[in-house]
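# Coordinates in review
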Amino acid sequence: MTRPLVLVCEDGDEYRERFVRFLGDEFEFLRVDDHASALAACARRPVALLFDMDFRRLPPDRLVDEAGATRSGRGGEEGRRLAEMQGALILRALRAAGVVTPALLFVDLDDRARVGFLERTLAPLSVVPSAEGLGGLAARLRALSVPGRPPR
């Protein structure tokens, strides 16, 4: 039996390693680290997209901006700003390319209006705080792997 595929978009390997260790029997986790690799991997029809928000370890020339574009020579303040919100920017570029796979964005935000804005404009999306335990994340992934069931 084939395990449902879940893309983990991060600039390290911490999330993917954790998910494989605890949920690897149920799901296949594929790590991608930028917009281009995420878009290519979406052709494999994952059941969910998981995003870290901050990509400080990604080379600046691979960061996408608000329009989904990359360019060399990006660094300094602009590179830091884009790296800090890269997960949302990659997801925005995927949505613009027609990817509608449900997504979870791992970020701690105190501003409920900002959470609501992200969840509305990047739907289907759930913003997940770091306080959510592995049991809650497993339940979310299981729900997403059932065809026709909306994300929670």
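Just above, that's the structure.
In this report, we go over the structure that sits alongside the text. Being a predicted model, the structure only gives us computed values, none of them experimental. (Residues numbered from 1 in each chain as written. Predicted model: local features only at pLDDT ≥ 70, side-chain atom pairs only at ≥ 80, totals over all residues. Heavy atoms only, no water.)

## Section: the side chain of Asp 34
Applicable threshold: For the purposes of this entry, the term helix denotes a DSSP run of H or I that reaches at least four residues, the term strand denotes a run of E that reaches at least two, and both are numbered from the N terminus. Remark: exposure states derive from per-residue accessible area (1.4 Å probe, protein chains only) relative to the maximum for the residue type, with buried under 20%, exposed over 50%, and partly exposed in between. Contacts were defined at the residue level, with two residues in contact if any of their heavy atoms lie within 4.5 Å.
In this structure, Asp 34 sits in the loop between strand S2 (28-32) and helix H2 (35-41). On the basis of relative accessibility, which here comes to 11%, the residue Asp 34 falls in the buried class. When neighbours within four sequence positions are excluded, Asp 34 is seen to be in contact with Cys 9, Leu 58, Arg 62 and Ile 90.

## A look at the pairing of S2
Two faces, one strand: in a regular strand the side chains alternate between the faces of the sheet. Here is the rule we go by: DSSP-based pairing: two strands are paired if at least 2 bridges between them are found. Seen with its strands pointing away from the viewer, a crossover is right-handed when the path leading from the first strand over the helix to the second is clockwise.
Here five bridges tie strand S1 (residues 5-9) to S2, and the two strands are oriented parallel to one another. Among the inter-strand pairings, Leu 5 is bridged to a residue of S2, identified as Glu 28. Taking the sense of rotation as the criterion, the β-α-β connection linking S1, helix H1 (residues 14-23) and S2 turns out right-handed.

## A closer look at the nonpolar core
Worth spelling out the cut-off: In this text, buried Ala, Val, Leu, Ile, Met, Phe, Trp, Tyr and Cys residues form a nonpolar core when linked through side-chain atoms within 4.5 Å.
In this structure, Leu 49, Phe 51, Ile 90, Leu 105, Leu 118 and Leu 125 are the most contacted members of the largest nonpolar core, which totals 30 residues. When contributions to this core are tallied by element, the ones reaching two or more residues are S1, H2, strand S3 (48-52), helix H3 (76-84), helix H4 (86-96), strand S4 (103-106), helix H5 (112-121) and strand S5 (125-128). A per-element tally of this core places H4 first, with five residues. Leave out the neighbours within four places in its chain, and Phe 51 touches Cys 9, Gly 87, Ile 90, Leu 91, Leu 94, Ala 103, Leu 104, Leu 105 and Phe 106. Membership of the second largest hydrophobic core comes to 17 residues, among which are Val 8, Val 128, Ala 138 and Leu 141.

## Some points on unusual backbone geometry
Glycine aside, negative phi is the norm for most residues, and most peptide bonds take the trans geometry. Looking along the chain, the bond that leaves Ala 123 and enters Pro 124 is cis, with omega of -5°. By secondary structure assignment, the location of Pro 124 is in the loop between H5 and S5.

## What about the sheet that holds S5?
The cut-off we apply is this: Axis definition: a line fitted to C-alpha atoms, limited for helices to the stretch in contact. Angles are taken between N-to-C directions and run from 0 to 180 degrees.
Overall, parallel pairing links the five strands, which are arranged S2-S1-S3-S4-S5 in an open sheet. The sheet terminates laterally at S2 and S5, the two strands that pair on one side only. Averaged over all adjacent pairs, the angle separating strand axes in this sheet is 20°, with direction ignored. In the packing of H1 onto the sheet, contacts are made with S1, S2, S3 and S4, and the angle to S2 comes to roughly 175°.

## Details of the state of the cysteines
Our working definition: Throughout, disulfides are identified as pairs of cysteine sulfur atoms within 2.5 Å of each other.
For the structure shown, the criterion picks out zero disulfides. You can see Cys 42 has no disulfide; the closest cysteine sulfur is in Cys 9, sitting 9.1 Å from it.

## Considering the packing of aromatic side chains
What counts, and what does not: Only Phe, Tyr and Trp rings take part, Trp by its six-membered ring, and two of them pair if their centres are within 6.5 Å. Stacked means planes under 30 degrees apart, edge-to-face means over 60, and tilted covers everything else.
Counted by the stated rule, this structure contains five aromatic pairs. Relative to Phe 106, the ring of Tyr 15 lies with its centre 5.0 Å away and its plane at 15°, an arrangement referred to as stacked. Here Tyr 15 is found in helix H1, whereas its partner Phe 106 is found in strand S4, with 91 residues between them in sequence. By relative accessible area, Phe 106 is classed as buried at 8%. Centre to centre, the rings of Phe 27 and Phe 29 are 6.0 Å apart; their planes meet at 55°, and the pair counts as tilted. Owing to a relative accessible area of 2%, Phe 27 belongs among the buried residues under this scheme. By relative accessible area, which is 8% here, Phe 29 ends up buried. Chaining the aromatic ring pairs together yields one cluster made of Tyr 15, Phe 19, Phe 27, Phe 29 and Phe 106.

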